[in-house]
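Read off the chains here:
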Amino acid sequence: MDKIYVREFLIFLVSHPSLAPFRKWLLDINADELLYQKLNEKESDFVQEKILMILSKYLLIIDKVSVVLQRLATKNKILYILNLGLDTQKVSLSSESFKFIYTLCQLISDSERMKSNMSEIRSLLTDNCERLCNFVQRDHEFFSDKQYAIELIILVVSYMKDVERYIFDFARFLLGLFIELKTNTFAHRSFLRLFRVLTAFKTDFTQFVNSTNLMNLIVSLIDQKENLLSSYWGHIYKISGILNKIIEDNQSDLECDEKWQKYIEEVYKVQHKIIKKTYGGATPKTDFDESDDSNSGSIFYHS
């Protein structure tokens, strides 16, 4: 792993799952243990990043019943990798660290035999959720490291019965980034996904929407649409749909005025009617799905 050509060759091999003999060889030599051992040897950030990249790709070519998943999904290993991501100043290492944990959770979330592992990981992330929030809030830049950090935060929040104040403080920060980073779709999508999860906490969610004047903010942005070069219009449409459904179902005390009602009737519902006509057939599902009516895009939501 010290040689760049070795690392790049391994990355190439694990990126091609059709190479079945190679996959068996990796299992025979317990490659996951060798890679984790190397990761744990205080290598440079660059080498650690590449090891995590290999491990993440390796996860995608092994069987879901493989013992490899059990070996990797231990509390100590996940904590070590989480700390790598939280403590480094290198964006790419943070990204690979959080991505590895996210990918692992995708693979084991529905496995009965891995239920205890998933529970331990969720508990570990709950204990470190505020650290993850602080990580995202350390500056106003937004790259893949923060995108994956927020996915881990969503894992935690979606299983909370009650949320602590810092979660909604974090949501306010993310709303600010949503508006500030006008063309950063990663930031827009991440706020939308967190926003959906927070609707489960009716009282706190209502206070959040009212205290941030979110509905007035949306109307104001729509009024300026012709003069704003932004990529968040689709996300604003979806946020508007969530709020409108809550209001129509009388599920909260959201404060809406005539301007909001006019926007819903003259803009949102017109857009909704056009979008629902499915001119080209059903929209294909993708990772980080953002469908209007479901939380199924995240592996972490309650069933």
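Sequence order as written defines the numbering, with residues in each chain counted from 1. A pLDDT threshold of at least 70 governs which residues receive local features in this predicted model, and a stricter bar of 80 or more applies before side-chain atom pairs are shown or counted, although totals over entire chains, interfaces and linings include all residues. The basis for every side-chain value is the complete set of non-hydrogen atoms in the structure, without hydrogens or water.

## Side note on the overall build of the chain
Rule in force here: By definition, any uninterrupted DSSP run of H or I lasting at least four residues is a helix, any uninterrupted run of E lasting at least two residues is a strand, and each is numbered from the N terminus. Classification of residues uses two cut-offs on accessible area relative to the type maximum, computed with a 1.4 Å probe and protein chains only: under 20% is buried, over 50% is exposed, and between them is partly exposed. Whether two residues are in contact is decided by their heavy atoms, any of which lying within 4.5 Å being enough. For accessible areas, the Shrake-Rupley method is used with a probe of radius 1.4 Å. Any residue's cover is judged against the shown protein chains and nothing else.
The helix and strand tally for the chain stands at 16 helices and zero strands. Relative to its full complement of 303 residues, the chain shows a buried share of 50%. Expressed as a percentage of contacts within the chain between residues at least 6 apart in sequence, the contacts between residues at least 24 apart total 73%. Accessible surface, the chain: about 15400 Å² in total, of which carbon and sulfur atoms supply 51%.

## Observations regarding the pattern of salt bridges
Formally: Within this document, salt bridges are pairs made up of a side-chain nitrogen of Lys or Arg and a carboxyl oxygen of Asp or Glu, the two lying within 4 Å of each other.
With the rule as written, the count across this model stands at twelve salt bridges. Across the pair D32 and R71 runs a salt bridge, and its minimum N-O distance is 2.6 Å. On the criterion of sequence distance, the pair formed by D32 in helix α3 (residues 31–39) and R71 in helix α5 (residues 67–72) is long-range, its members being 39 residues apart. When sorted by exposure, D32 lands in the same class as R71, which is buried. The shortest N-O distance in the salt bridge between K90 and E49 comes to 3.2 Å. Of this pair, K90 sits in the loop between α6 (75–87) and α7 (91–108) while E49 is found in helix α4 (residues 45–59), placing the two residues 41 residues apart along the sequence. On the basis of relative accessibility, which here comes to 26%, the residue K90 falls in the partly exposed class.

## Some thoughts on the nonpolar core
Selection criterion: Joining through side-chain atoms within 4.5 Å is the link that ties buried Ala, Val, Leu, Ile, Met, Phe, Trp, Tyr and Cys residues into a set, and such a set is a nonpolar core.
By size, the foremost hydrophobic cluster in this structure holds 99 residues, and its most contacted members are F100, F195 and L243. The element best represented in this core is helix α11 (residues 165–180), accounting for eleven residues. Those residues in contact with F100 that sit more than four places away from it in its chain are L52, L55, S56, L59, L72, I78 and I81.

## A closer look at the confidence of the model for the chain
How we decide: pLDDT is a per-residue confidence score from the predictor, ranging from 0 to 100.
Within the chain, residue pLDDT values average 87, and 84% of them lie at 70 or more. Here helix α1 (residues 4–14) is the element of the chain with the lowest mean pLDDT, 64, and helix α9 (residues 129–136) is the one with the highest, 98.

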